Amino acid sequence: MARKYNVPGTKKYLITAVVMLVLCIWAVLDGWFPSEKVLERHPDPTDGFYLFNKSLAIIMLVGMVVFGYIHFMVN
């Protein structure tokens, strides 16, 4: 006889995915499409600031996909 478990769903993974999406968008805008204010403070395109933002964007994108997948599989 199979047991049925009633486990309530959670929105923690969805909230985490949305936060990662916002961070990803922010990092993409700063890393690949900087505003004039950012260009004044960091004029050198080989600056570590741009490398950090590009790396952050990729990591947040991967994390967002993973947490979004977990959310839809759990619920």
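This text goes with the structure placed above it.
Just so you know, these numbers come straight off a predicted model, no measurement behind them. Throughout this description, residue numbers start from 1 for each chain and increase along the sequence as written. Where totals are concerned, whole chains, interfaces and linings use all residues; where local detail is concerned, this predicted model gives features only for residues with pLDDT of at least 70, and gives and counts side-chain atom pairs only at 80 or more. Computation of side-chain values: all heavy atoms of the structure, hydrogens and water removed.

Quick look at the overall build of the chain
Part 1: Secondary structure is summarised from DSSP: a helix means a run of H or I of at least four residues, a strand means a run of E of at least two, and numbering begins at the N terminus for each. What the chain contains, in helices and strands, is three helices and zero strands.
Part 2: Written out in order from the N terminus, the α and β elements of the chain read α-α-α.
Part 3: Only the C-alpha atoms count toward the radius of gyration. The rule for a globule is 2.2 Å times the residue count to the power 0.38. A globule of 75 residues ought to have a C-alpha radius of gyration of about 11 Å, yet the chain, at 18 Å, is considerably larger.
Part 4: Across the 75 residues in the chain, those meeting the buried criterion constitute 23%.
Part 5: Two residues qualify as a contact provided that any one of their heavy atoms is within 4.5 Å of a heavy atom in the partner residue. Sequence-distant contacts in the chain: of pairs separated by 6 or more residues, those separated by 24 or more amount to 64%. With a 1.4 Å probe rolled over the protein chains alone, any residue whose accessible area is under 20% of its type maximum counts as buried; one over 50% counts as exposed, and the rest are partly exposed.

Some words on the environment of Ile-70
Part 1: Among the secondary structure elements, Ile-70 is positioned in helix α3 (residues 48-74).
Part 2: Linking Ile-70 and Leu-29, residues 41 residues apart in sequence, is a C-alpha distance of 27 Å.

Remarks on the side chain of Asp-30
Part 1: Along the chain, Asp-30 turns up in helix α1 (residues 12-31).
Part 2: In this structure Asp-30 touches Val-38, Phe-49, Tyr-50 and Asn-53, once residues within four positions along its chain are discounted.

Observations regarding the nonpolar core
Part 1: Ranked by size, the top nonpolar core spans eight residues in total: Ala-17, Met-20, Cys-24, Ala-27, Leu-56, Ala-57, Met-60 and Met-64.
Part 2: Listing elements by their share of this core, those giving two or more residues are α1 and α3.
Part 3: In contact with Met-60, other than residues within four places in its own chain, are Met-20, Leu-23 and Cys-24. By nonpolar core we mean a set of buried residues, namely Ala, Val, Leu, Ile, Met, Phe, Trp, Tyr and Cys, connected to one another through side-chain atoms within 4.5 Å.

Some remarks on the packing of aromatic side chains
Part 1: Pairing of aromatic rings covers Phe, Tyr and Trp, the last through its six-membered ring, and needs centres within 6.5 Å; plane angles under 30 degrees mean stacked, over 60 mean edge-to-face, and all others mean tilted. Considering all chains together, one arrives at two aromatic pairs under this definition.
Part 2: Geometrically, the ring pair formed by Phe-49 and Tyr-50 is edge-to-face, given 5.3 Å between the ring centres and 80° between the ring planes.

So, to be careful, I would describe these as geometric facts and stop short of saying anything about function.
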